[in-house]
Amino acid sequence: METTLHETNKNISKNTMVLDSPDPPSVWKEVSGTVKKAVVPVRDKSVPACLLSCIKGLFPVLQWGKSYNLKSFRSDIMAGLTLASLGIPQSIGYASLAKLDPQYGLYTSVVPPLIYAVMGTSKELAIGPVAVVSLLLSSMIQKVVDPTVDPATYQKLVFTVTFLTGIFQVSFGLFRLGFLVDLLSHAAIVGFMGGAAIVIGLQQLKGLLGLSHFTNNTDVVSVVQAVWSAIHQPWHSSNFLIGCSFLILILVARFIARRNKKFFWLAAIAPLLSVIISTLLVFVTRSDKHGVKIIQHVHGGLNPSSLQKIELKQPFLGECAKIALVCAVIALTEAIAVGRSFASVKGYQLDGNKEMLAMGFMNVAGSMSSCYVATGSFSRTAVNFSAGCKSTVSNIVMAVTVFLALQLFTRLLYYTPVAILASIILSALPGLIDFKEAMNIWKIDKMDFLICFGAFVGVLFGSVEIGLSVAIIISFVKIIIRAIRPHMEVLGRLEGTEIFCSVRQYPIACQTPSVLLIRIDSSFLCFMNANFIRERIMRWVSEECDTVKEKAGDKLQSVIIDMSNVMNIDTSGLTALSEIHKELVFRNLQMAIANPTWTVIHKMKLSGLVGTMGADWIFMTVQDAMQACLSSKKEQV
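Residues numbered from 1 in each chain as written. Predicted model: local features only at pLDDT ≥ 70, side-chain atom pairs only at ≥ 80, totals over all residues. Heavy atoms only, no water.

A few words now on the overall build of the protein. When its secondary structure is counted, the protein shows 27 helices and 10 strands. Projected onto its principal axes, the C-alpha positions of the protein cover 105 × 65 × 55 Å. Out of the 637 residues in the protein, the part that is buried amounts to 50%. Counting only carbon and sulfur atoms, one obtains 63% of the accessible surface of the protein, whose full area is about 30800 Å². (Helix = DSSP H or I, 4+ residues; strand = E, 2+ residues; numbered from the N terminus. Buried < 20%, exposed > 50% of the residue type's maximum accessible area, 1.4 Å probe, protein only. Areas by Shrake-Rupley, 256 points an atom, 1.4 Å probe, with all protein chains shown as cover.)

Structure, rendered in structure tokens:
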């Protein structure tokens, strides 16, 4: 008797703790606290100390720079030089993909890497132009202004988009808006990258075949039609021969490097060697006089200022902002994914918000110095990692090397064949198509595969925007379906324990006679799912009552609702709980709530539902609720 009284008092004490918990913070407090934490991350410190902490947070180089030594510098020099040997030819190729002159790709490999080196938190991430973002810019901006008709305005829009991309990225980092990047799921990125890689590859047929006229559309149907019509016109096979020969050379070098890690430098230097050898061949044989297309003049020297070319006014501002938002999300998604994958190998944590700030500032600075949108490149980051980089100093070495190339060697690129740029871009595309991961997604989650496939088909047969839109729409449909029809489980006890689990997942779990225990597996009990949850609970109650009548077992007396997974509830959810309580009272059944979360119990008190149900029937744990229901049964007997 004394033990039972002790347990009862203990349960009453727990119930009091649940009901007398302080009010949760309001939405306004949470938002303002997040912004305050972002702007002033340090509390209880003097203004100078707070300012110093903010500067150190903004410039991580001030922290790791103290322990930087000569040995690390040697490793970074070798990594930076190796990185530059790959970055120079790739940058020229990606500039052509963005429908810009070759020098703009080289410019983009100078200023942004320098900014990232002092602000970024990834030691391995290699910064510069990338294929997917280059395709995004060209495919979306050319719908506003045709680069062949008005190249000057096209350049202005590129720099404006780059500036706005940086502003968006800074905003994401400053106001903790990283969830916007997460709108593109892993499955969506796999499908989008695969579709974009094929589109980019098809676009390179213009350079590979030496075509003068080609479609501006990016969908596969338009490109195939353009190629079909072009091959029936005079074209020079020398371009195709040069492009394919050096593409095979680059792929063989990459294969050797993968088979033997000691030859990692072979894959890195192969594109640069291809440019040098092909340029010499064209110069010696004068193949440009026989149909081989060359890139001709490349402007050298220091990055010129492009501040006056940024136009933040109509009629193009709205379109630029839309394009910039897409570029900001894609660039951040790619860079953070690449950075985190290599950081996990090295055993350190990547700060997502600092990465967003670093990316944003480098693109803002880049937009003012003739650069277009830069981000982290997977292929160059892999080379940087394999070359043994120790810090972001390798990015500085690469930027200085590219700058020297701009100063000294741009005249030597006059006879570089366009086909070699196409082959360099094509050689980087296999890494973007992850067929194995797509099959893995199919095996694990069919709905995720639908998102992946939707993004792939949308990019391939529509456009980049359509592919992204399809992926996001299917993702939201998936979320809505799961919100409307959340999982619910009938729970049973594992014999000899106080563990309650799903009787479907663990058939060994036994349901307690006269008590129906139900768990709601939804984080938000709201207008979308409240009626579904109410109907499901009442159907289970009816089925349980019918089963008891048929088998002449213990009569159902109590229903316990485990709300440990319900993080929030709205007025529709509260109304549903109230209706469930009324229907159970009408059936002469007792309703108990177990483990309501902070926000849920607060709203239940405000709505008066606690008073209606009775404070004695709200419990901290499922075990407490079960004991109370069984005790109530004994008293009735």
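Here the narrative resumes, following the displayed structure.
Glancing now at the pattern of salt bridges. Tallied over the entire structure, the rule returns 11 salt bridges. The salt bridge involving Glu124 is made with Lys346; its shortest N-O contact spans 3.3 Å. Taken together, the positions of Glu124 in the loop between helix H7 (111–119) and strand S1 (126–128) and Lys346 in helix H15 (residues 317–346) put the pair 222 residues apart, joining distant regions of the chain. The partly exposed category is assigned to Lys346, whose relative accessible area is 41%. A salt bridge links Lys478 to Asp448; the nearest nitrogen and oxygen atoms lie 2.6 Å apart. (Salt bridge = Lys/Arg side-chain N within 4 Å of Asp/Glu carboxyl O.)

One can describe the packing of helix H13 (residues 237–259) onto helix H19 (residues 418–428) by two numbers: an axis separation of 8 Å at closest approach and a directional angle of 35°. Crossing hand, H13 versus H19: right-handed. Two secondary-structure elements touch here, H13 through Asn239, Gly243, Phe246, Leu247, Ile250, Leu251 and Arg254 and H19 through Ala419, Ile420, Ser423, Ile424, Leu426, Ser427 and Ala428. A per-class count over the contact of H13 with H19 returns nine nonpolar, four polar and one charged. (Axes fitted to C-alpha atoms, helices over the stretch in contact; angles between N-to-C directions. Left-handed = near helix turned anticlockwise from the far one by under 90°. Contact = heavy atoms within 4.5 Å. Nonpolar A, V, L, I, M, F, W, Y, C, P; charged D, E, K, R; others polar.)

In a regular helix each residue adds 1.5 Å, so 12 residues correspond to 16 Å; helix H12 (residues 220–231) covers 16 Å between its end C-alpha atoms and thus fits that length. Residues of H12 that are buried make contact with helix H10 (186–203), helix H11 (205–209) and helix H21 (446–461). (Expected span 1.5 Å × (residues − 1).)

Moving on: the nonpolar core. If you look at the biggest cluster of nonpolar residues, it comprises 114 residues, and the most contacted ones within it are Ile141, Val161, Phe192 and Met359. In this view, Ile141 contacts Tyr154, Leu157, Val158, Val161 and Ile323; residues no more than four positions away in its chain are not counted. Judged by nonpolar contacts, the second largest core, of 37 residues, contains Phe532, Cys545, Leu574 and Met604. (Core = buried A, V, L, I, M, F, W, Y, C linked by side-chain atoms within 4.5 Å.)

The next thing to look at is the sheet that holds strand S7 (residues 558–562). In sheet architecture, strand pairing relies on hydrogen bonds along the backbone and comes in two forms, parallel and antiparallel. Pairing within the open sheet is mixed, and its six strands lie in the order S4-S3-S5-S7-S9-S10. Of all strands in the sheet, those bounded by a partner on one side alone are strand S4 (500–502) and strand S10 (618–619). Relative to S4, strand S3 (residues 487–493) runs antiparallel, the two being bridged by three bridges. Along S4, the bridge assignment pairs Arg493 with Phe500. (Pairing = 2+ DSSP bridges.)

Attention now moves to the environment of Ile520. Tracing the sequence through the fold places Ile520 in strand S5 (residues 515–521). Along the primary structure Ile520 and Gly195 are separated by 325 residues, whereas in three dimensions their C-alpha atoms are 39 Å apart.

A word on the packing of aromatic side chains. Tallying each qualifying case throughout the model produces 12 aromatic pairs. Each residue in the set Tyr104, Tyr107 and Phe159 is aromatic and connected to the rest through ring pairs, giving one cluster. Cation over ring: Lys123 sits above Tyr348, and NZ or CZ is 5.0 Å from the ring centre. Seen from the ring of Trp442, Lys446 lies directly overhead, with NZ or CZ sitting 4.8 Å from the centre. (Phe/Tyr/Trp six-rings, centres within 6.5 Å; stacked < 30°, edge-to-face > 60°. Lys NZ or Arg CZ within 6 Å of the ring centre and 35° of its normal.)

Quick look at the side chain of Asn384 now. Position of Asn384 among the secondary structure elements: in helix H17 (residues 378–386). In this structure the side chain of Asn384 is engaged in a polar contact, spanning 3.2 Å, whose partner is the side chain of Ser394. (Polar contact = N/O pair within 3.5 Å; in protein donor to acceptor, adjacent residues only side chain to side chain.)

Together, Leu114, Ile396, Val400, Leu404, Leu408, Phe409 and Leu412 give the surface a local cluster of nonpolar side chains, amounting to about 620 Å² of exposed area. At four residues, the largest contribution of residues to the nonpolar patch is made by helix H18 (residues 393–408). With respect to the helices and strands, Phe409 occurs in the loop between H18 and H19. (Patch = residues over 30% accessible without salt bridge, like charges linked within 9 Å, V, L, I, M, F, W, Y side chains within 5 Å.)

Below, the discussion takes up the packing of H7 against helix H16 (residues 352–367). The N-to-C vectors of H7 and H16 enclose an angle of 150°; their axes lie 8 Å apart at closest approach. The angle between H7 and H16 falls in the class roughly antiparallel. For the pair H7 and H16, the sense of crossing is right-handed. Together, Val111, Pro112, Ile115, Tyr116 and Met119 of H7 and Lys354, Glu355, Leu357, Ala358, Met359, Phe361, Met362, Ala365 and Gly366 of H16 make up the contact between the two elements. Looking at the contact of H7 with H16 residue by residue, the class counts come to 11 nonpolar, one polar and two charged. (Parallel < 35°, antiparallel > 145°, perpendicular 65-115°, else oblique.)

Here we take up the pairing of strand S9 (residues 590–594). With respect to burial, S9 is a largely interior element, four of its five residues being buried. Bridging between S7 and S9 involves five bridges; their strand directions are parallel. Among the inter-strand pairings, Val559 is bridged to a residue of S9, identified as Met591. Two strands pair when backbone bridges link them, and S9 and S10 are joined in this way by two bridges, in the parallel orientation. Bridge assignment links Ala594 to a residue of S10, and that residue is Phe619.

This part is about the environment of Glu495. Looking at the secondary structure, you find Glu495 in the loop between S3 and S4. Its relative accessible area of 73% is what places Glu495 among the exposed residues. Sequence separation of Glu495 and Phe255 is 240 residues, and the distance between their C-alpha atoms is 58 Å.

Let's shift gears to the environment of Gly191. Its location among the elements puts Gly191 in helix H10. Each C-alpha atom, one on Gly191 and one on Ala253, is 28 Å from the other, the two residues being 62 residues apart in sequence. Once you skip the residues sitting within four places of it in the chain, Gly191 turns out to touch Cys452, Ala455 and Phe456.

A separate point is unusual backbone geometry. A cis geometry characterises the amide bond from Gln314 onward to Pro315, with omega recorded as 15°. Its place among the elements puts Pro315 in the loop between helix H14 (264–285) and H15. Phi angles above zero are rare outside glycine, and Lys99 is one such case at about 60°. With respect to the helices and strands, Lys99 occurs in the loop between helix H5 (70–97) and helix H6 (102–108). Residue Lys99 is classed as partly exposed on the basis of its relative accessible area, which comes to 28%. Positive phi, close to 65°, is recorded for Ser370, a residue that is not glycine.

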